[in-house]
Amino acid sequence: MEDSTGSNPQSPGFTEKLKSWLSWSWTYVCFLWFGMVLIMIYVLWSPLKLQETLTSVFLNTLTPKFYVALTGTSSLISGLILIFEWWYFRKYGTSFIEQVSVSHLRPLLGGVESSSTTGLFSSVNGDAEPRPSVSECKVWRNPLNLFRGAEYNRYTWVTGKEPLTYYDMNLSAQDHQTFFTGDTQQLRPEDAVMQKAWRERNPQARIRAAYQAIEINHQCAAAYVLLAEEEATTITEAERLFKKALSIGKDGFDYFILQLHIFSLCSTAGKDINLLVYIKRRLAMCARKLGRIKEAVKMMRDLMKEFPLLGMLNIHENLLEALLELQAYADVQAVLAKYDDISLPKSATICYTSALLKARAVSDKFSPEAASRRGLSTAEMNAVEAIHRAVEFNPHVPKYLLEMKSLILPPEHILKRGDSEAVAYAFFHLQHWKRAEGALNLLHCTWEGTFRIIPYPLEKGHLFYPYPGCTETADRELLPSFHEVSVYPKKELPFFILFTAGLCSFTAMLAMLTHQFPELMGVFAKAFFSTLFAPLGFFADKMESFMPSSFWHQLTRI
């Protein structure tokens, strides 16, 4: 995984070559059409008798077979362009012809695209706020990411599909290098080996490098972490390797705490702290997956108490999921009271868990018919408002919770408010919504009402900032190609797809009519062209009466 710049590491291949070829073909067709227009102008601006002669000879020599061939070819070309436009729009979310026109014709016409993707939009309180640009759509580590060896690889063995993209794995490689490699210039030999191991694209090469690091130093905790993540085929085996890494990491942590007070080796100590926190968190996740939920909750609480400044790791989301599994709803509410604060960044887990707790209080007796007759009670109104708040934050989640869209394994990184976050949340929390009687029914009856509150989500939000327009692009890189990415707001069909569809249908109809009624369509074509050229002929007559004959004679000679 040498390339970790954030761009899609997959090779362009046939699609990129086809896009380049079609781009130049479209430009060539435009110039060809422009040349035909110039020739037509020359014919029409010739002296009137010459014009009449050329036009009559041209029209009289055309046979019905020509019109059939012309309309049939036009219909075929339009159909091919329509198929490619539709495929391109489904894959990339934009019109190919529109994109080529903007990139090739706009610079020629002197147009300049705005280099800034930020604009001023109204926030909740009405103040002008800069809208996030594409670069500001930050990708976060998935707090509940699965184990590669024990879970992701098992999916690959069964289905033959890769659940992770190269872009997602590149981000994980960057995370591991940042967390487990110190900033010091002098790396230990085993750390240098592990730094290369995280960048390897081949899983077997990473595992071999981990064993090489263990041969150099048997106390290399990072190597055992890699083996637990990628070589262990069961959660039990992964837990055993993490415990081995923890025993090594604790000794190293105690040593470096002493060195920190004596020599102030902050960077090295920071690396070991990150490693220790990562190992403890994964051990807690192992306990959760093996059914020891109370033990997992205790480990997560101790971890949050021991390292309170590492809030960006979102350990509280692991804790919320475990507490929901225990049905300890009072403890869940206590955690939400601490983290569902207006000054803290939100997530789908926080918003939808808050909505679940409020929905659970009223959902068992909720009836849409009764609510429409008597109106909503205060508790029901609070539940509906909480659902609207959650849907505004991430509108992709309800379709997964209501099983209107199939779930896949969650990626290792997520984009907040994007489809990747929705997949990750629903994968772990769908069971909790099903356990609360009537909660999914309440969600089904009320979630679409959110969109009436925010008719233009890209421009203005209700409780949150406007919905970012960059989520689709980032989610396509994070989620596998076999998954249909959810897009919000739903895009309308581009003009060129509708235009090409109309052109294809019209020319196909002309080709069929010309084939069935050749003589009648020939008469119609001649009449159409004569009527089309009549105003231009009249205009040429008027120009001839004003211009001297010598001018037209010299123009004809030219």
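Sequence order sets the numbering: in each chain, residues are counted from 1 along the sequence as written. Predicted model: local features are reported for residues with pLDDT of at least 70 only, side-chain atom pairs are reported and counted for 80 or more only, and whole-chain, interface and lining totals are derived from all residues. Values reported for side chains reflect all heavy atoms of the structure, with hydrogen atoms and water molecules removed beforehand.

Peer 1: Talk me through the overall build of the protein chain; I want residue IDs and the actual numbers.
Peer 2: The helix and strand inventory of the protein chain stands at 25 helices and 4 strands. Any pair of residues with heavy atoms lying within 4.5 Å of one another is described as a contacting pair. For the protein chain, the proportion of contacts with a sequence separation of at least 24, taken over those separated by at least 6, is 71%. As presented, the protein chain carries roughly 30800 Å² of accessible surface, and 62% of it is formed by carbon and sulfur atoms. Only DSSP runs of H or I reaching four residues or more are called helices, and only runs of E reaching two or more are called strands; each is numbered from the N terminus. Accessible surface is estimated by sampling points in the Shrake-Rupley manner with a 1.4 Å probe; for residues, cover comes only from the protein chains shown.

Peer 1: Describe helix 5 (residues 148-159), listing the residues and the values that go with them.
Peer 2: If you check which residues of helix 5 are buried, you get Arg-148, Gly-149, Ala-150, Glu-151, Tyr-152 and Thr-156. Looking one or two residues beyond helix 5, the residue adopting positive phi is Gly-160, at roughly 80°. Any residue under 20% of the maximum accessible area for its type is buried, any over 50% is exposed, and the rest in between are partly exposed; the area is computed with a 1.4 Å probe on protein chains only.

Peer 1: Run through the side chain of Lys-405, naming residues and quoting values.
Peer 2: With respect to the secondary-structure elements, Lys-405 resides in the loop between helix 18 (397-401) and strand 4 (413-415). For Lys-405, which is buried and forms no salt bridge, the nearest opposite charge comes from Asp-419, at a distance of 4.4 Å. Of note is the side chain of Lys-405, whose polar atom sits 3.2 Å from the side chain of Tyr-400. Here a polar contact is taken to be a pair of N or O atoms separated by no more than 3.5 Å, where protein atoms must pair a possible hydrogen donor with a possible acceptor and residues adjacent in sequence count only if both atoms sit in side chains. Polar contacts involving the side chain of Lys-405 include one to the main-chain carbonyl oxygen of Glu-484, which spans 2.4 Å. Setting aside anything within four residues of it in sequence, one finds Lys-405 in contact with Lys-399, Tyr-400, Asp-419, His-483, Glu-484, Val-485 and Ser-486. Working convention for charge: Lys and Arg count positive, Asp and Glu count negative, and His plus the chain ends are omitted. By salt bridge we mean one thing: a side-chain nitrogen of Lys or Arg within 4 Å of a carboxyl oxygen of Asp or Glu.

Peer 1: Got a sec to walk through the confidence of the model for the protein chain? Specific residues and values, please.
Peer 2: The score called pLDDT rates the predictor's confidence residue by residue, from a low of 0 to a high of 100. Looking at the protein chain, the pLDDT average stands at 76 and 67% of residues meet or exceed 70. Per-element confidence in the protein chain is highest for helix 19 (residues 419-435), whose mean pLDDT is 95, and lowest for strand 1 (residues 120-122), whose mean pLDDT is 32. Every residue in residues 39-52 is under pLDDT 50, and counting partners more than four places away or in other chains gives 19 contacts. Note that residues 255-268 has pLDDT below 50 and, in this model, 12 contacts with residues that lie over four places away or in other chains.

Peer 1: Let's hear about a nonpolar patch on the surface: which residues, and what values?
Peer 2: A surface patch of nonpolar side chains, amounting to about 330 Å² of accessible area, comprises Leu-76, Leu-80 and Ile-83. With respect to the helices, strands and loops of the structure, Ile-83 is situated in helix 3 (residues 64-92). A relative accessible area of 60% means that Ile-83 is categorised as exposed. Like-charged residues are merged into a patch within 9 Å and nonpolar side chains (Val, Leu, Ile, Met, Phe, Trp, Tyr) within 5 Å, provided each residue has over 30% relative accessible area and no salt bridge.

Peer 1: Tell me about the packing of helix 12 (residues 293-306) against helix 13 (residues 315-325), residues and numbers included.
Peer 2: When two helices pack together, their arrangement is captured by the angle between the axes and the distance separating the axes. Inter-axis angles, ranging from 0 to 180 degrees, are taken between N-to-C directions of lines fitted to C-alpha atoms, where helices are fitted over the stretch in contact. Where helix 12 contacts helix 13, the axes come no closer than 10 Å and their chain directions differ by 155°. In terms of axis orientation, helix 12 runs roughly antiparallel to helix 13. In this structure, helix 12 meets helix 13 at a crossing whose hand is left-handed. Across the interface between the two elements, Ile-293, Val-297, Met-300, Arg-301, Leu-303 and Met-304 of helix 12 pack against Ile-315, His-316, Asn-318, Leu-319, Ala-322, Leu-323 and Glu-325 of helix 13. Classifying every residue of the contact of helix 12 with helix 13 gives 9 nonpolar, 2 polar and 2 charged. Any angle that is under 35 degrees is reported as roughly parallel, and any over 145 degrees as roughly antiparallel; angles of 65 to 115 degrees are reported as roughly perpendicular and all others as oblique. In a left-handed crossing the near helix is turned counterclockwise from the far helix by less than a right angle, and in a right-handed crossing that turn is clockwise. Gly counts as polar in this scheme, as do all residues outside two lists: the nonpolar Ala, Val, Leu, Ile, Met, Phe, Trp, Tyr, Cys and Pro, and the charged Asp, Glu, Lys and Arg.

Peer 1: An account of the environment of Glu-317 is requested, with residue identities and associated values reported.
Peer 2: Along the chain, Glu-317 falls in helix 13. Measuring from C-alpha to C-alpha, the distance between Glu-317 and Leu-144 comes to 8.0 Å, with 173 residues separating the pair along the chain. Ignoring any residue separated from it by four or fewer positions in sequence, one finds Glu-317 in contact with Pro-143, Ser-347 and Thr-349.

Peer 1: Pulling in residues and values, what's your account of the pattern of salt bridges?
Peer 2: Tallying each qualifying case throughout the model produces 17 salt bridges. One salt bridge connects Arg-148 with Glu-230, and the closest N-O pair in it is separated by 3.2 Å. Of this pair, Arg-148 sits in helix 5 while Glu-230 sits in helix 9 (residues 221-230), and the two are 82 residues apart along the sequence. This pair shows no difference in class: Arg-148 is buried, exactly as Glu-230 is. We note a salt bridge from Arg-292 to Glu-239, for which the minimum N-O separation is 2.3 Å. Residue Arg-292 is located in the loop between helix 11 (266-289) and helix 12, and its partner Glu-239 is located in helix 10 (residues 235-263); the two are separated by 53 residues in the primary sequence. Classification of Arg-292 as partly exposed rests on a relative accessible area of 29%. Shared partners join several salt bridges into a network, and the residues in it are Arg-148, Arg-206, Glu-230 and Glu-412.

Peer 1: With reference to specific residues and values, describe the packing of aromatic side chains.
Peer 2: Think of it this way: a Phe, Tyr or Trp ring, Trp meaning its six-membered ring, pairs with another when their centres are within 6.5 Å, and the plane angle makes it stacked under 30 degrees, edge-to-face over 60, tilted otherwise. Tallying each qualifying case throughout the model produces 7 aromatic pairs. A ring pair is formed by Trp-447 and Phe-451, whose centres lie 5.8 Å apart and whose planes are at 85°; its orientation type is edge-to-face. Here Tyr-467 and Tyr-488 contribute two aromatic rings whose centre-to-centre distance is 5.1 Å and whose plane-to-plane angle is 90°, an arrangement assigned as edge-to-face. Of this pair, Tyr-467 sits in the loop between helix 21 (450-453) and helix 22 (471-478) while Tyr-488 sits in the loop between helix 22 and helix 23 (495-516), and the two are 21 residues apart along the sequence. An aromatic cluster is present here, built from Trp-447, Phe-451, Tyr-467 and Tyr-488 joined pairwise through their rings. The lysine or arginine in question, Lys-138, covers the ring of Trp-140, its NZ or CZ lying 4.4 Å from the ring centre. In this structure, Arg-360 packs its charged tip against the face of Tyr-329, placed 3.9 Å from the ring centre. By the criterion adopted, a ring carries a charge over it if an Arg CZ or a Lys NZ lies within 6 Å of its centre and within 35 degrees of its normal.

Peer 1: Tell me about the nonpolar core, and name the residues and values.
Peer 2: Joining through side-chain atoms within 4.5 Å is the link that ties buried Ala, Val, Leu, Ile, Met, Phe, Trp, Tyr and Cys residues into a set, and such a set is a nonpolar core. One finds Met-194, Phe-242, Tyr-352, Leu-401 and Trp-433 to be the most contacted residues of the largest nonpolar core, which totals 94 residues. With 9 residues, the single largest contributor to this core is helix 11. Just so you know, the domain bounds were taken from an automatic or database domain assignment. Taken domain by domain, this core gets at least three of its residues from each of domain 1 (181-326) and domain 2 (329-513). Setting aside anything within four residues of it in sequence, one finds Tyr-352 in contact with Ala-390, Val-391, Asn-394, Val-397, Pro-398, Leu-401, Tyr-425 and Trp-433.

Peer 1: Help me get a handle on the environment of Asp-168, residues and values and all.
Peer 2: Here Asp-168 shows up in helix 6 (residues 166-180). For Asp-168, the contacting residues outside a window of four places in its chain are Pro-411, Glu-412, His-413, Glu-477 and Leu-478. A distance of 2.8 Å separates the side chain of Asp-168 from the backbone nitrogen of Glu-412, its partner in a polar contact.

Peer 1: Explain the side chain of Thr-165 to me, and be specific about the residues and the numbers.
Peer 2: Topologically, Thr-165 is positioned in the loop between helix 5 and helix 6. Separated by 2.7 Å, the side chain of Thr-165 and the backbone oxygen of Glu-477 make a polar contact. Aside from chain neighbours lying at most four places away, what touches Thr-165 is Glu-477, Leu-478, Leu-479 and Pro-480.

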